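# Survey of secondary and tertiary structure
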Number of protein chains: 2
Amino acid sequence: MKITSKDGAGGRKMQEFLKDVILDIFGPSSVGCIGLDSLDDGASFGEDYIISTDGHTVKPVFFKGGDIGRLAACGTINDVSVMGAKPLLLTSSLIIQSGFDLEDLRTIMRSMKDACDEVDTSLVAGDTKVVDDNIGIYISTTGVGERWKGLDRNMEIVRETREYEESFVKDGGLMPGDKIISSGTIGDHGISIMAQREGINLFGDLRSDVCPVWDVTKRALAEGGVTAMKDPTRGGISAALNEMAEKSHCGIVIEEGLIPTKRPIVAAAEMLGINIHDVANEGKVVIGVRGDLAEDVLEAIRDSKYATDASIIGEAIEGKRVFLKTRIGARRLMNTPDGDPVPRVC
Amino acid sequence: MKITSKDGAGGRKMQEFLKDVILDIFGPSSVGCIGLDSLDDGASFGEDYIISTDGHTVKPVFFKGGDIGRLAACGTINDVSVMGAKPLLLTSSLIIQSGFDLEDLRTIMRSMKDACDEVDTSLVAGDTKVVDDNIGIYISTTGVGERWKGLDRNMEIVRETREYEESFVKDGGLMPGDKIISSGTIGDHGISIMAQREGINLFGDLRSDVCPVWDVTKRALAEGGVTAMKDPTRGGISAALNEMAEKSHCGIVIEEGLIPTKRPIVAAAEMLGINIHDVANEGKVVIGVRGDLAEDVLEAIRDSKYATDASIIGEAIEGKRVFLKTRIGARRLMNTPDGDPVPRVC
């Protein structure tokens, strides 16, 4: 058996790979309430900390809206943020091809630094390897997030209406009746990268959404009632919503007409034959909120510059599937894609 | 300007690269007493924690004495251990070539797991990317270590004879009169990897020393009086000793005849024309100890199966250079190598 690109593509095949290979060997490996077997955005340790790691291999390394440096910082900042932890520090492992341009590297490092500065976090340690392999640059980042005071209040508000023991926000905290918020437009990152690779630029402003979402998640938590959060990266909102539904033991119904999108992104996606629900976003959050508090949370996050297009897109229901109510009123399954239709996107 | 292999080789060129590019952009980035600008084995946060990151790109991925999985776990476990912190958790970022053999991957993951088990630490989070680039597999690991009770007592013992504010063991804690211990034989990893690449196997048991050193550092700390520690990876003991001397604002003199070595490693190194002082070790520690306590620490660590060959190899002196007293009584400078003479060794 050989590793295939789908084993690392964020979809159904990757979930199988993780269970068959990684969890089979490491078991329910944890040092806190959230460990490897949670397959969440990160793991917890020492009461107050979340840790998360992501590798970044995006091609091209410079793309409209960002570069691999901004992506590497934001990818990990966001994994920590969606668990309700304030990004505290970052580490990075640079693997660089011999002959890589030094000025390009400086630009990439400055992008990492700028993203860190946006959320007042620091790169505190790192490592550099130079290789002869034809890779350009890969950047793996690890982030540690610290319990944020607004998180505890949010959890108290959640517990007003349900049994809920967790001390961080997990994927699996939804209950039927919770509303689902998207913090903004969908598909921007994956489609704009793919369009750039294919040389498509007929459709106006196609650019990645890559940004740190801590300001958005913080505002949501401060308002209170957040039951689950996830950043819909590889596999898009299709994968994220299915993971949330499965872990929450409930279903979800999404209204297609309510999902925020950008017209040029939708047009490019149609031309490329790609479902925008299945591709990576790098600056968005899918938020589950107690139904009665959803409008308040929506209003709170819209004050963030990274969530001006936020919208309630659906709700959690009894059952165990994710449905999409289309614009013409049909109801169809929204499945986790096998892999990501746009490879090497993050 | 282009990146060259020496920029990531652990030697003098890499230190210049880190200062010119990384520190120039990120500044003295820290959230605790030890930050990026310390260029130590890791950084500190939240009073009690150390974090460290390393990328691993070794070729071949399976080598005598270990594989990239054991190396990736031990590399980070050791960076945390030499600061006096107990390895608490690991995360890993796997970047795997599409088509990589699944059974090989399982073997590598089991090696990581076994190394974690040896020091009672857990892999709690990770990420997998599959790429088309011809890389085999790269593994970046991050480790978090937690203040160990024996560390505080060690620091108290150090403070009996000097002003010393630090709460973790740093590279730069040496004072003239401190003895320098090597926890075992030198050059095993770099030379055995190079010999394997070159198809040399005339010299008996050439195998990597890759192992977790926590048991060694723990015993040293428990005995007390440890003033500085470093694992001599890329750039070998030459780079490690020079870094310790420079940061400690003192000199070091090493007696060549006291450095533990394996006969087959020395023979292979001579044939390859490589100085064993300049190549990576992956299961060794260089320990600075208060002179009057050095014999006790030596005896304590020799009880560990990973330090049976430990020896006092020299001492810190006034000045600012590292000298080697050769077997024939000459005294010559032991400089930080420009790079590592064996590339892609970790």
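Shown above is the structure to which this text applies.
Quantities reported herein were computed from a predicted structural model and do not represent experimental measurements. (Residues numbered from 1 in each chain as written. Chains lettered and ligands numbered in written order. Predicted model: local features only at pLDDT ≥ 70, side-chain atom pairs only at ≥ 80, totals over all residues. Heavy atoms only, no water.)

Attention now moves to the packing of helix α6 (residues 214-223) of chain A against helix α9 (residues 294-302) of chain A. All names here are of chain A. Viewed as axis vectors pointing N to C, α6 and α9 meet at an angle of 145°, and their least axial separation amounts to 8 Å. The handedness of the crossing between α6 and α9 is right-handed. Judged by residue contacts, V216, R219, A220 and E223 of α6 engage D296, V297, A300 and I301 from α9. Counted by class, the contact of α6 with α9 contains 5 nonpolar, no polar and 3 charged residues. (Axes fitted to C-alpha atoms, helices over the stretch in contact; angles between N-to-C directions. Helix = DSSP H or I, 4+ residues; strand = E, 2+ residues; numbered from the N terminus. Left-handed = near helix turned anticlockwise from the far one by under 90°. Contact = heavy atoms within 4.5 Å. Nonpolar A, V, L, I, M, F, W, Y, C, P; charged D, E, K, R; others polar.)

Structurally, S122 of chain B can be placed in strand β6 (residues 122-131). Residues contacting S122 of chain B, with those up to four places away along its chain left out, are S29, S30 and V31 of chain A together with L88, L89 and L90 of chain B.

Looking now at the relation of the copies chain B and chain A. Structural alignment of chain B on chain A gives an RMSD of 0.0 Å, achieved by rotating through 180° and translating 0.0 Å along the axis. Here the copies are linked by what is in effect a two-fold axis. Mapped onto chain A, 100% of the interface residues of chain B are again interface residues, and the two copies thus contact each other with one and the same surface. (Least-squares fit on C-alpha atoms with pLDDT ≥ 70 in both.)

For the rest of this paragraph, the subject is the sheet that holds strand β14 (residues 331-333) of chain A. Residues and elements named next belong to chain A. One open sheet holds the 7 strands; their spatial order is β9-β11-β8-β12-β10-β13-β14, and the pairing between them is mixed. Sheet topology places β9 (226-230) and β14 at the edges, where each strand pairs with a single neighbour. Within the sheet, the average angular offset between the axes of one strand and its neighbour, ignoring direction, is 25°. Strands β8 (179-182), β9, β10 (251-255), β11 (286-289) and β13 (322-325) of the sheet are contacted by helix α7 (residues 236-248), whose axis makes an angle of about 140° with β9. (Pairing = 2+ DSSP bridges.)

Evaluation of the coordinates by the stated rule reveals 58 salt bridges over all chains. Ionic pairing is found between D41 of chain B and K230 of chain B, a salt bridge with its closest N-O pair at 3.2 Å. With D41 of chain B in the loop between α1 (12-26) and β1 (43-45) and K230 of chain B in strand β9 (residues 226-230), the pair connects residues that are 189 residues apart, well separated along the chain. Comparing D41 of chain B with K230 of chain B shows no difference in burial state: the two are buried. Here R207 of chain B ties to D205 of chain B by a salt bridge, and the two come within 3.2 Å at their closest N and O atoms. Taking the relative accessible area as the measure of exposure, D205 of chain B reaches 41% and is therefore partly exposed. Each of D41, D171, K230, E243 and K247 of chain A takes part in salt bridges that share partners, so that together they form one network. (Salt bridge = Lys/Arg side-chain N within 4 Å of Asp/Glu carboxyl O. Buried < 20%, exposed > 50% of the residue type's maximum accessible area, 1.4 Å probe, protein only.)

What follows concerns the pairing of strand β8 (residues 179-182) of chain B. Residues and elements named next belong to chain B. Direction of pairing for β8 relative to strand β11 (residues 286-289): antiparallel, over a ladder of 4 bridges. Directly across from I181, in β11, lies its bridge partner I287. Summarising the sheet, β8 and strand β12 (residues 311-317) pair through 4 bridges and their orientation is antiparallel. For S182, the partnering residue across the bridge sits in β12 and is S311.

Residues and elements named next belong to chain A. If you trace the backbone, D171 turns up in the loop between α4 (149-159) and β8. For D171, a relative accessible area of 0% corresponds to the buried category. Among the polar contacts listed, one links the side chain of D171 to the side chain of K230, at a separation of 3.0 Å. Excluding anything up to four places from it in sequence, D171 contacts L39, D40, D41, A228, M229, K230, E243, M244, K247 and S248. (Polar contact = N/O pair within 3.5 Å; in protein donor to acceptor, adjacent residues only side chain to side chain.)

What follows is about the interface of chain B and chain A. Contacts between chain B and chain A engage 72 residues on the former and 72 residues on the latter. Roughly 6,100 Å² is buried in total at the junction of chain B and chain A, and carbon and sulfur atoms are behind 66% of that figure. Of all residues in chain B, I3, I25 and F26 of chain B bury the most surface against chain A, accounting for 11% of the area lost on that side. For the interface between chain B and chain A, the tally reads 8 salt bridges. A salt bridge links K2 of chain A to D101 of chain B; the nearest nitrogen and oxygen atoms lie 3.7 Å apart. There are 29 residue pairs in polar contact (both at pLDDT 80 or more) connecting chain B and chain A. At the level of secondary structure, the elements contributing two or more residues to the side of chain B that touches chain A comprise α1, β1, β2 (49-56), β5 (85-97), α3 (102-118), β6 and β7 (137-147) of chain B. (Buried area = accessible area lost by both parts, 1.4 Å probe.)

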